[in-house]
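Tertiary structure, described
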Amino acid sequence: MSRIALFVLTNLAVVAMLAILAHVFGLERFLVQQGVRINLPGLLVTAAVIGFGGALISLLLSKTMAKWSTGAHVIDVPRTAEEAWLVQTVERLARDAGIGMPEVAMYDSPEMNAFATGARRDKALVAVSTGLLRGMRRDEVEAVLGHEIAHVANGDMVTLTLLQGVLNTFVIFLSRVVGFLIDRFLSRSDDGEERGPGIAYFVSSLVLQIVFGIFASLIVAWFSRRREFRADDGGAELVGKQPMARALDRLRMQQGEPSHLPASMQAFGIRGGRMMALFSSHPPLEDRIERLLSAEGSARGEHQKPYARRSRVV
């Protein structure tokens, strides 16, 4: 029930491309003063421009990339009773959550999965698999949709973009500093004369950017796991705690089956597991169910204010 994996992969590709273009067009020459000294203020500004630029571009491309990678088609005009119910349910949940009507899409997959993405809360995309509609009761599908709507209402994609921009900035900054030091060490001549950055700077900084980017993804995954718990609470508030718990439990029973989502989209879905827990964008489903059922009343009918009336905290 998140949009993390494709966003992170797109971000890494965009940032790498921007960094390569900066080198090819000579923009990084502004990072060096007097041939051998690195311009730290200039580097930080450049890193911020590339880092936040990459995160913003990834955010703006998120809906298009999600549709392309899953083959999802947007339901403009419902053609079946099932599509009509799906659109009406998303519309009602969006209204209850106080957001604009998202685009509603379906994609063909035997597994039970769904995702939501988009740059704006009032212009989001919510997509479900055909397997989800066939494999769950309607109140459980509604709970899954409530979870996705909660992601949108909580502004998770915007918050993620800001976090990713900060991380990109430090990844680029640190990789250039360390790459400069490596190049300076390797480029010393026999007479002790120091020369400006060469090919070693470009290669080492690019490799370090990838390595540091992997470590940064641990922080993104940690953030995503926290937001999954929050979206579970939001879904329970919109449709009820028990339907939300039953939906998660049904997903838990499916966990041993292979995923049919493209590799770049698997962490965008509603499934979670314990494998590579630090890199996982989702907490284990067992933990989510336990936390949801142990939390004090967050569901409809348990003396909570309607979701749309709560302050939106991102």
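For the structure, see preceding data.
Quantities reported herein were computed from a predicted structural model and do not represent experimental measurements.

Let us look at the overall build of the protein. When you go through the protein residue by residue, the secondary structure sums to nine helices and six strands. Among the 314 residues that make up the protein, the fraction classed as buried is 50%. A fraction of 74% describes how many contacts in the protein between residues 6 or more apart in sequence connect residues 24 or more apart. Split by element, the accessible area of the protein, about 14900 Å² in all, is 62% carbon and sulfur.

What follows is about the pattern of salt bridges. Tallied over the full model, the rule gives 12 salt bridges. Residue lysine 63 pairs with glutamate 103 through a salt bridge whose shortest N-O separation is 2.8 Å. With lysine 63 in helix H2 (residues 40-70) and glutamate 103 in strand E4 (residues 103-107), this residue pair connects regions lying 40 residues apart in the sequence. Arginine 227 is the partner of aspartate 156 in a salt bridge, and the nearest nitrogen-oxygen pair spans 2.6 Å. Of this pair, aspartate 156 sits in helix H6 (residues 156-186) while arginine 227 sits in helix H7 (residues 199-239); the two residues are 71 residues apart in sequence, bridging distant segments of the chain. Residue aspartate 156 is classed as buried on the basis of its relative accessible area of 2%. One salt-bridge network, held together by shared partners, links Lys63, Lys67 and Glu103.

The next point concerns H2. With 31 residues, H2 extends 42 Å between its outermost C-alpha atoms, agreeing within 8% with the 45 Å of an ideal straight helix rising 1.5 Å per residue. In the structure, H2 departs most strongly from a straight axis at serine 62, where the bend amounts to approximately 50 degrees. In the segment just after H2, glycine 71 is the residue with positive phi, at about 75 degrees.

Reading the values: the criteria
- Residues numbered from 1 in each chain as written.
- Predicted model: local features only at pLDDT ≥ 70, side-chain atom pairs only at ≥ 80, totals over all residues.
- Heavy atoms only, no water.
- Helix = DSSP H or I, 4+ residues; strand = E, 2+ residues; numbered from the N terminus.
- Buried < 20%, exposed > 50% of the residue type's maximum accessible area, 1.4 Å probe, protein only.
- Contact = heavy atoms within 4.5 Å.
- Areas by Shrake-Rupley, 256 points an atom, 1.4 Å probe, with all protein chains shown as cover.
- Salt bridge = Lys/Arg side-chain N within 4 Å of Asp/Glu carboxyl O.
- Expected span 1.5 Å × (residues − 1).
- Bend = angle between axes of the 7 residues up to and from the residue.

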